[in-house]
Amino acid sequence: MLDCVIIGGGPAGLNAALVMGRAGRQTILFDEGKPRNRVTQESHGFITQDGVSPSEFKKRARMDVEKYPSVSIQEQRVETVEKAGDVFRVQTKGGRDYMAKKVLLATGLRDILPGIAGIQNVYGTSVFSCPFCDGWEMRDRALAVFAEGERAFHMGKLLSNWSRDVMVFTNGYRMPDGERAVLSRQQVAVVEERIEGLDSKEGKLTAVRLKNGRDIQREAGIVMTGLVQSAPFAEQLGCEATANGGIKVDSLGRTTVEGVYACGDASLSGPPQLVIAAAEGSKAAAGVIMDLVEAAFFLP
Ligand SMILES: Cc1cc2nc3c(=O)[nH]c(=O)nc-3n(C[C@H](O)[C@H](O)[C@H](O)COP(=O)(O)OP(=O)(O)OC[C@H]3O[C@@H](n4cnc5c(N)ncnc54)[C@H](O)[C@@H]3O)c2cc1C
């Protein structure tokens, strides 16, 4: 019987594993190795880790965790998680079953790109999803925002922090006149024509081709992706969701189902960033440990 199974080995799960290890708690972390930022070459904004590649970040994190003998990391996909009385049965793709007192979901989110031809070629190399993560590298360039709905206004304003040359491409979405007027106060242009496709060279955006035949030269940008849960476990276990599709948690990562915890992007409670995911992993592991300790004092 394990104290905890952690599902997901991004910063959230790995930091949780570190805290579990330092409490000497028997823990297995399962990871299938598909973090959200795997398309990028560099990660930014995490103090002491600014500019490292996602793979180097993971390597360093694993070295920290592997110092603690009660934790093991297994590169395996988890297929099912079931509640079995007060504990949990976790089955891996390899067909093995593990029993655990607690389950911590650090499974992250999956990005859904809009159906714009050519966007796959630039995503993660010159077009990214978050200006706090990659805005500095695209500062003062000719930038595009690709956003097909209400978020276009928000991102058009935000990206103007990094460049005076920002164009918002709504791909057919009609932005309210009032919002267009506000954006124009800071010279943020709005292009509502449908997009034919993106031109790029070796991953670098060069132009946005519109259906009306116009080509607009751009060098980099931000795309507003759809965000969905990577794994179905929270829903399957009956955990309540938040209005924005995150897993509802308290301040120590407890979900609405006893014994199930969640952290990182999957809870969608903070801006989705590495340092925030890691912090949430740390808090959720503290929640797991406190609850295990409490339970030992109040055993029948
Ligand atoms: C293009 C891009 C660039 C980014 N750049 C930055 C940046 O520079 N700085 C920054 O702070 N943030 C950046 N981010 C955001 C950052 O990637 C996320 O906030 C962070 O990865 C969230 O960490 P996490 O641990 O919650 O989830 P993830 O890092 O996504 O890790 C979740 C892990 O769980 C695993 N998993 C899921 N289901 C299962 C299963 N069934 N069994 C086993 N394992 C499973 C996944 O394979 C994955 O390895 C970027 C995001 C994107 C999309």
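So, helix α1 (residues 11-22)
Okay, step 1: In a regular helix each residue adds 1.5 Å, so twelve residues correspond to 16 Å; α1 covers 16 Å between its end C-alpha atoms and thus fits that length.
Okay, step 2: If you check which residues of α1 are buried, you get P11, A12, G13, L14, A16, A17, M20 and G21.
Okay, step 3: Residues of α1 that are buried sit in contact with β1 (2-7), β2 (27-30), α2 (54-65), β3 (71-74), β6 (97-105) and α8 (274-297).

Some words on the sheet that holds strand β9 (residues 143-146)
Okay, step 1: Strand order in the open sheet made by the five strands is β8-β15-β9-β10-β11, with parallel pairing throughout. Edge positions in the open sheet fall to β8 (127-128) and β11 (189-191), since each of these has one partner strand only.
Okay, step 2: For β8 and strand β15 (residues 220-223), the ladder comprises two bridges, and the chain directions are parallel. Along β15, the bridge assignment pairs V127 with G221.
Okay, step 3: Docked against the sheet, helix α5 (residues 151-159) engages β9, β10 (166-169) and β15, running at close to 160° with respect to β9.

Notes on the site of the ligand
Okay, step 1: The environment of the ligand is formed by 37 residues, the closest being D31, K34, H44, V78 and L274.
Okay, step 2: For the ligand, an oxygen atom lies 3.0 Å from a polar atom in the backbone of A12.
Okay, step 3: The backbone of K34 places a nitrogen or oxygen atom 2.7 Å from an oxygen atom of the ligand.
Okay, step 4: Protein coverage of the free-state accessible area of the ligand, which is 1000 Å², stands at 99%.
Okay, step 5: Two domains each put at least three residues into the shell around the ligand: domain 1 (2-110 + 227-297) and domain 2 (114-223).

Let's talk about the domain arrangement of the chain
Often the size quoted for an interface is simply the accessible area lost on bringing the parts together.
Okay, step 1: Under the domain assignment, the chain is made up of domain 1 (2-110 + 227-297) and domain 2 (114-223).
Okay, step 2: Centre-to-centre separation of domain 1 and domain 2, based on C-alpha positions: 33 Å.
Okay, step 3: At the interface, seven residues of domain 1 touch nine residues of domain 2.
Okay, step 4: For the domain 1 and domain 2 pair, buried surface summed over both sides reaches about 610 Å², with 51% attributable to carbon and sulfur atoms.
Okay, step 5: Area buried by domain 1 at its contact with domain 2 is led by V39, H44 and Q273, which between them contribute 64% of it.
Okay, step 6: Linking domain 1 with domain 2 are zero salt bridges, by the criterion used here.
Okay, step 7: If you look at where domain 1 meets domain 2, you find three residue pairs in polar contact (both at pLDDT 80 or more).

Rules used in this analysis
Residues numbered from 1 in each chain as written. Predicted model: local features only at pLDDT ≥ 70, side-chain atom pairs only at ≥ 80, totals over all residues. Heavy atoms only, no water. Helix = DSSP H or I, 4+ residues; strand = E, 2+ residues; numbered from the N terminus. Expected span 1.5 Å × (residues − 1). Buried < 20%, exposed > 50% of the residue type's maximum accessible area, 1.4 Å probe, protein only. Contact = heavy atoms within 4.5 Å. Pairing = 2+ DSSP bridges. Axes fitted to C-alpha atoms, helices over the stretch in contact; angles between N-to-C directions. Near = heavy atom within 4 Å. Polar contact = N/O pair within 3.5 Å; in protein donor to acceptor, adjacent residues only side chain to side chain. Areas by Shrake-Rupley, 256 points an atom, 1.4 Å probe, with all protein chains shown as cover. Domains from an automatic or database assignment. Buried area = accessible area lost by both parts, 1.4 Å probe. Salt bridge = Lys/Arg side-chain N within 4 Å of Asp/Glu carboxyl O.

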